[in-house]
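Topology and contacts: notes
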Amino acid sequence: MRIDQAHALVTGASRGLGARVARRLADEGAVVTLVARSADQLRALADEIDGHVLVADLADPAARDGLVARAAAQAGPPVTILVNNAGIDMAGHLPDMTPDDLQRLIAVNVTAPAELARQAIPGMLGAGGGSIVNVSSLAGVGVFPGLAAYSATKAALTHLSAGLRADLRELPIAVTTVETGLIVPTDMAESVNSYPPTRASFHRFRHLLPDTDADDLADAIAKAVAGGRRHVRRPVRAQGFSRLVEMPRRITEWMLAGVPPRVG
Ligand SMILES: NC(=O)c1ccc[n+]([C@@H]2O[C@H](COP(=O)([O-])OP(=O)(O)OC[C@H]3O[C@@H](n4cnc5c(N)ncnc54)[C@H](OP(=O)(O)O)[C@@H]3O)[C@@H](O)[C@H]2O)c1
């Protein structure tokens, strides 16, 4: 994928990993549209990278509606790289969450990536190809106390990526799944570490799951987009976990070789 000819829409681009990915893609020459709720932070970054801003709460169906078309109308070219990075953790004991918390968690972490992919795919095909990056987590592979609902959303996102890859087989759209342990420095790493059972769990896993540097990860994501890679997995020493969970998907894919992925 030629990043220098792409229009990249990056969600959760106001801070953390998303801001770094946006900056990295802009450095490579992409036109970048930044999406999140924090307008001031988005505009500050957009000024630096000559990017575009769409302020949107991705938990809100009305704000998601037509978002990819609005990005294309504002920036000019169709969105050809979609980075579904926005995410929330809400670390804590499940019964302490409100019904609204649960709905927001699922809406931002699962519904929004699926919906934005749905919106973006036709334009990518019209432009001759594209790339969808879903920022998932090793929490979708292992289970950690305090992250029951979050882990479920990340398992869903990883599986959504695999399903999309099956649906898009033989089409020029790559799907990249990002699976990592803690990413630093980010607000989310601080948030999950503020809940003692989750912090104790990560401490137990500290040798298998050393922290991942956000800038290094943003670099790896940009390289994966350029190379059409299926996965970005960090830390490298924990890759085996993801590969084990991936195995039934790969076996299914292999067994379904030759079955038409779509009608028409
Ligand atoms: N940090 C980690 O340790 C870690 C580990 C594994 C995976 N991940 C995943 O990596 C991704 C990025 O996380 P991060 O660490 O960079 O988190 P972060 O620093 O907390 O940033 C989260 C981003 O998502 C945006 N966001 C949150 N709710 C939103 C909403 N309702 N609508 C639109 N945007 C929203 C935030 O912007 P606004 O608040 O301005 O809306 C912000 O830009 C997430 O998907 C996360 O699950 C993180």
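Our structure's up above, just so we're on the same page.
Okay, so let's go over this structure. The structure presented is a predicted model; accordingly, all values stated were derived computationally and were not measured.

A look at unusual backbone geometry
In this model, Val184 is joined to Pro185 through a cis peptide bond whose omega is -5°. Take Pro185: it is sitting in the loop between strand E7 (183-184) and helix H7 (187-193). Residue Pro235 follows Arg234 across a cis peptide bond; omega there is -10°. Here Pro235 lies in the loop between strand E9 (231-234) and helix H10 (239-255). Positive phi is not limited to glycine here, since Asp50 has a value of about 60°. Checked against the element boundaries, Asp50 lands in the loop between helix H2 (39-49) and strand E3 (52-55). Even without being a glycine, Met90 presents a positive backbone phi close to 50°.

Digging into the packing of helix H1 (residues 16-27) against H2
With their axes 10 Å apart at the nearest point, H1 and H2 run at an angle of 20° to one another. It follows from the interaxial angle that H1 and H2 lie roughly parallel. Considering only the axes of H1 and H2, their crossing is right-handed. In this structure, H1 uses Ala19, Ala22, Arg23 and Ala26 to contact H2, whose residues at the interface are Leu45, Glu48 and Ile49. Classifying every residue of the contact of H1 with H2 by side-chain character gives 5 nonpolar, no polar and 2 charged.

Considerations on helix H5 (residues 99-126)
Helix length check: H5, at 28 residues, gives a terminal C-alpha distance of 40 Å against a target of 40 Å (1.5 Å per residue), a fit within 8%. Of all the bends in H5, the largest measures some 40° and sits at Ala107. Within two residues after H5, Gly128 carries a phi angle of roughly 95°, on the positive side.

Topic: the environment of Ile106
Looking at the secondary structure, you find Ile106 in helix H5. According to the relative accessible area criterion, Ile106 is partly exposed, its value standing at 42%. It is 12 Å that separates the C-alpha atoms of Ile106 and Ala148, two residues lying 42 residues apart in sequence. If we ignore the near neighbours within four places in the chain, the residues touching Ile106 are Thr111 and Thr153.

Considering the side chain of Thr198
The topology assignment puts Thr198 in helix H8 (residues 196-204). Relative accessible area serves as the criterion here: at 1%, Thr198 is assigned to the buried category. When sequence neighbours within four positions are dropped, the list of residues in contact with Thr198 reads Ala91, Pro145, Gly146, Leu147 and Val192.

Comments concerning the nonpolar core
Core analysis: the biggest nonpolar cluster contains 35 residues, and Leu17, Leu25, Val32, Leu34, Val83 and Ile221 have the highest contact counts within it. Of all the secondary-structure elements, those providing two or more residues to this core are strand E1 (7-11), H1, strand E2 (31-36), H2, strand E4 (81-84), strand E5 (130-135) and helix H9 (214-227). No other element matches the 8 residues that H9 contributes to this core. Excluding its chain neighbours within four sequence positions, the residues that come into contact with Leu17 are Asn85, Val135, Ile183, Thr186, Ala214, Leu217, Ala218 and Ile221. Formed by 26 residues, the second largest nonpolar core is a distinct cluster that contains Ala63, Leu116, Met124 and Leu164.

What about the sheet that holds E4?
Read from one edge of the open sheet, 7 strands run E3-E2-E1-E4-E5-E6-E9, paired in parallel fashion. At either margin of the open sheet sits one strand with a lone partner, and together these are E3 and E9. Ignoring which end each strand starts from, the neighbouring axes of this sheet average 15° apart. As judged from the 5 bridges shared by E1 and E2, these two strands associate in the parallel manner. Each bridged residue has a counterpart across the sheet, and for His7 the counterpart in E2 is Val31.

What counts, and where the lines are drawn
Residues numbered from 1 in each chain as written. Predicted model: local features only at pLDDT ≥ 70, side-chain atom pairs only at ≥ 80, totals over all residues. Heavy atoms only, no water. Helix = DSSP H or I, 4+ residues; strand = E, 2+ residues; numbered from the N terminus. Axes fitted to C-alpha atoms, helices over the stretch in contact; angles between N-to-C directions. Parallel < 35°, antiparallel > 145°, perpendicular 65-115°, else oblique. Left-handed = near helix turned anticlockwise from the far one by under 90°. Contact = heavy atoms within 4.5 Å. Nonpolar A, V, L, I, M, F, W, Y, C, P; charged D, E, K, R; others polar. Expected span 1.5 Å × (residues − 1). Bend = angle between axes of the 7 residues up to and from the residue. Buried < 20%, exposed > 50% of the residue type's maximum accessible area, 1.4 Å probe, protein only. Core = buried A, V, L, I, M, F, W, Y, C linked by side-chain atoms within 4.5 Å. Pairing = 2+ DSSP bridges.

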